[in-house]
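# Secondary and tertiary structure notes
Listed below, chain by chain, are the residues.
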Amino acid sequence: MSTRSSALLVLLSALLAGGCAGTGGRSGDTDAALPAGADRDELLTSIAACHLRRVLQNEDRGATDAVVIAAIEQYGFEVEEMVERANAITVAAAGDAAARASLRRLAGNACERLAALTGAAPGLVRFDRSGNIGNTWVVVNGEIYEGFADEVIDTLRREKAVGLLISSPGGSLYEARRLGRYLRQNGLRVGVQDVCTSACVDVLAGGIERYVTRGAKLGIHQSKVPKHLSSHEGGQLSVVAAALYLREMGIDDTVALAAASVPNDSMYWISVGEALETGLATKLVDAF
């Protein structure tokens, strides 16, 4: 990380810890070129909306998103500008239902828009009271059972985590996809260094960034067909549901077709190369 970026992070963290009270700090050159066709005022609102999205999701004034930091630095905004715009949006939404609805719509894709503009990877960023970046990961091992998603979500929030490191043989698809959607919506990362098979792969797919080690073992197979469905009907529904979920997560849905070709009592092992190629993994790491 550059010295300039580090200084910006410290400044932003000080503002957040102070309850969004501006200090007049500057992030860079206010004459920096904006993206083609972008309006400075609208872009500032998107930056503020992305920031507010992470703060409200986590009920944490020390939360923001990596793309907020990237956009402030890249396009020469003052940190104070962003904080003031965030405050203005919050005040307007507090007393107006239409403004709250507008904020929800804007915040819904603000971080993704900034990611596309800046080329930075979106993801939850947390600061502690000293202005240091938090790097807490929650480690989870074992089967994905009923109530699993709520338990993991509660732990992630309580520990102020930025990521989940999981090792699991699978289990409930409902719980896995519920957790996966939470991870994606809240900008959390997922890592696998051991074994992640069956429904666990759907948890991995939900990460805003998805890290695997060279030794990670990723496995998929057909889902079990519910008893009230015929094997043919259930098989079709399972493949469609799996493909739609992966597509929702921006991952090549051929992974679902590969799973459909393998009986439930067997396993198709996804190589690290294939995981990276299909988008199931976004980065190869040495270790966690």
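Refer to the structure presented above.
Residues numbered from 1 in each chain as written. Predicted model: local features only at pLDDT ≥ 70, side-chain atom pairs only at ≥ 80, totals over all residues. Heavy atoms only, no water.

### Section: unusual backbone geometry
Rules: Working definition: helices are DSSP H or I runs of at least four residues, strands are E runs of at least two. Numbering for both runs from the N terminus. Any residue under 20% of the maximum accessible area for its type is buried, any over 50% is exposed, and the rest in between are partly exposed; the area is computed with a 1.4 Å probe on protein chains only.
Located in the positive-phi region is E59, a residue other than glycine, with phi close to 50 degrees. Assignment of secondary structure puts E59 in the loop between α2 (40-58) and β1 (63-65). Judged by its relative accessible area of 68%, E59 is exposed.

### Structural notes on the sheet that holds strand β9 (residues 268-270)
Just so we agree on the cut-off: Only strands that DSSP links by at least two bridges are regarded as paired with each other. Structural elements are reduced to axes, namely lines fitted to C-alpha atoms, with helices fitted over the stretch in contact, and the angle between N-to-C directions of any two is expressed from 0 to 180 degrees.
Taken together, three strands build an open sheet; the order of strands is β6-β8-β9 and the sheet is mixed. The open sheet has two edge strands with one neighbour each: β6 (195-197) and β9. Put simply, the sheet's adjacent strands are angled 30 degrees from each other on average, direction ignored.

### Points about the sheet that holds strand β3 (residues 137-141)
Strand order in the open sheet made by the five strands is β3-β4-β5-β7-β10, with parallel pairing throughout. The two strands at the open ends of the sheet, each matched to only one other strand, are β3 and β10 (283-285). Across the sheet, the mean angle from the axis of one strand to that of its neighbour is 25 degrees, orientation sign disregarded. Sheet topology note: the strand β5 (residues 189-192)/strand β7 (residues 210-213) ladder contains three bridges and is parallel. When the sheet's bridge partners are listed, G191 is paired in β7 with Y211.

### Some details on helix α5 (residues 97-118)
The following threshold applies: Helix span, as expected, comes to 1.5 Å for every residue beyond the first. Throughout, bend refers to the angle between the axes fitted to the seven residues that end at a position and the seven residues that start at it. The contact rule is simple, with two residues in contact once any of their heavy atoms fall within 4.5 Å.
With 22 residues, α5 ought to run about 32 Å at 1.5 Å a step, and its terminal C-alpha atoms sit 32 Å apart, in line with that. The largest bend along α5 measures about 40 degrees and falls at A110. Against α2, β1, α3 (66-74) and α4 (79-94) lie the buried residues of α5. Positive phi shows up at G119, right after α5, with a value of about 80 degrees.

### Quick word on the packing of α2 against α5
Just so we agree on the cut-off: Crossings are sorted by hand: turned counterclockwise from the far helix by less than a right angle, the near helix makes the crossing left-handed, and turned clockwise it makes it right-handed. Put simply, Ala, Val, Leu, Ile, Met, Phe, Trp, Tyr, Cys and Pro go in the nonpolar bin, Asp, Glu, Lys and Arg in the charged bin, and everything else, Gly too, in the polar bin.
One can describe the packing of α2 onto α5 by two numbers: an axis separation of 8 Å at closest approach and a directional angle of 115 degrees. Crossing of α2 against α5: the hand is left-handed. Together, E42, L43, T45, S46, I47, A49, C50, R53 and R54 of α2 and L106, A107, G108, N109, A110, C111, E112, R113, L114 and L117 of α5 make up the contact between the two elements. Each residue belonging to the contact of α2 with α5 can be placed in one class, and the counts come to 10 nonpolar, four polar and five charged.

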